Amino acid sequence: MVRMFAGIFILVSLALGVAASPVFVSAYFLWVTAFVGANLLQSSLTRWCFMETVLRKFGVQSGC
């Protein structure tokens, strides 16, 4: 689930932030892409992910 949310956030923010996209809104959406990437890097180093914590509170089980 975490990887799915990360992928969705990255693809949507790229669609909204790249000027060549038909749904372009603002280049500031590229900051969302950078934020998600930084969180993925941080979670790979610390083995802690905020999205995983949020999903557990909503009842999503860990693992595949």
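For the structure itself, consult the block above.
These notes cover the structure that comes with them. Quantities reported herein were computed from a predicted structural model and do not represent experimental measurements. Numbers given to residues run from 1 along each chain, matching the order in which its sequence is written. With pLDDT at 70 or above as the cut-off, local features in this predicted model cover only qualifying residues; side-chain atom pairs require 80 or more to be listed or tallied, and sums for whole chains, interfaces and linings still use all residues. For the side-chain quantities, the full set of heavy atoms in the structure was used; hydrogens and water were omitted.

## Overview of the overall build of the protein
Runs of E in the DSSP output that reach at least two residues are strands. Runs of H or I that reach at least four are helices, and both are numbered from the N terminus. Helices and strands together make up the secondary structure of the protein, namely three helices and zero strands. Taken from the N to the C terminus, the helices and strands of the protein come in the order α-α-α. Relative to the 2.2 N^0.38 estimate, which gives 11 Å for 64 residues, the radius of gyration of the protein is 14 Å and therefore markedly larger than a compact globule would have. Dimensions along the principal axes, computed over C-alpha positions, put the protein at roughly 40 × 25 × 15 Å. A radius of gyration in this sense is built from C-alpha atoms; the matching globule rule multiplies 2.2 Å by the number of residues raised to 0.38.

## Remarks on the pattern of salt bridges
A pair is scored as a salt bridge if a Lys or Arg side-chain nitrogen falls within 4 Å of a carboxyl oxygen belonging to Asp or Glu. Per the counting criterion, the structure on display carries one salt bridge. Put simply, Glu52 and Arg56 hold a salt bridge, and the shortest N to O gap is 2.7 Å. One end of the pair, Glu52, and the other, Arg56, are both in helix α3 (residues 50-57), four residues apart, so they sit about a helical turn from each other.

## Focus: the packing of helix α1 (residues 2-17) against helix α2 (residues 30-46)
Structural elements are reduced to axes, namely lines fitted to C-alpha atoms, with helices fitted over the stretch in contact, and the angle between N-to-C directions of any two is expressed from 0 to 180 degrees. One way to put it is that α1 packs onto α2 with a least axis distance of 7 Å and a crossing angle of 155°. Our classification of the angle between α1 and α2 gives roughly antiparallel. You can see that α1 and α2 cross each other, and the crossing is left-handed. Where α1 abuts α2, its residues Ala6, Phe9, Ile10, Ser13, Leu14 and Gly17 lie against Leu30, Val32, Thr33, Val36 and Leu40. Our angle categories are set so that under 35 degrees counts as roughly parallel, over 145 as roughly antiparallel, 65 to 115 as roughly perpendicular, and the remainder as oblique. Here a crossing is called left-handed whenever its near helix is offset anticlockwise from the far helix by less than a right angle, and right-handed whenever the offset is clockwise. The contact criterion used throughout is that any non-hydrogen atoms of two residues lie within 4.5 Å.

## Some points on the side chain of Ser13
Its place among the elements puts Ser13 in helix α1. Here's how the labels work: a residue is buried when its accessible area is under 20% of the maximum for its type, exposed when over 50%, partly exposed in between, all with a 1.4 Å probe on protein chains only. For Ser13, a relative accessible area of 2% gives the class buried. Side chain to side chain, Ser13 and Thr33 meet in a polar contact 2.5 Å long. Ignoring any residue separated from it by four or fewer positions in sequence, one finds Ser13 in contact with Phe29, Leu30, Val32 and Thr33. In protein, a polar contact means a hydrogen-donor-capable atom and an acceptor-capable atom, both N or O and within 3.5 Å, with residues adjacent in sequence counting only if both atoms are side-chain atoms; elsewhere, any N or O pair within 3.5 Å suffices.

## Quick look at a nonpolar patch on the surface
Together, Met1, Met4, Ile8 and Val12 line one region of the surface with nonpolar side chains, adding up to about 370 Å² of accessible area. Assignment of secondary structure puts Val12 in helix α1. For Val12, a relative accessible area of 43% gives the class partly exposed. To count toward a patch, a residue needs a relative accessible area over 30% and no salt bridge; like charges are then connected within 9 Å, while nonpolar side chains (Val, Leu, Ile, Met, Phe, Trp, Tyr) are connected within 5 Å. Only the protein chains shown count as cover for residues, and all accessible areas are computed by the Shrake-Rupley method using a 1.4 Å probe.

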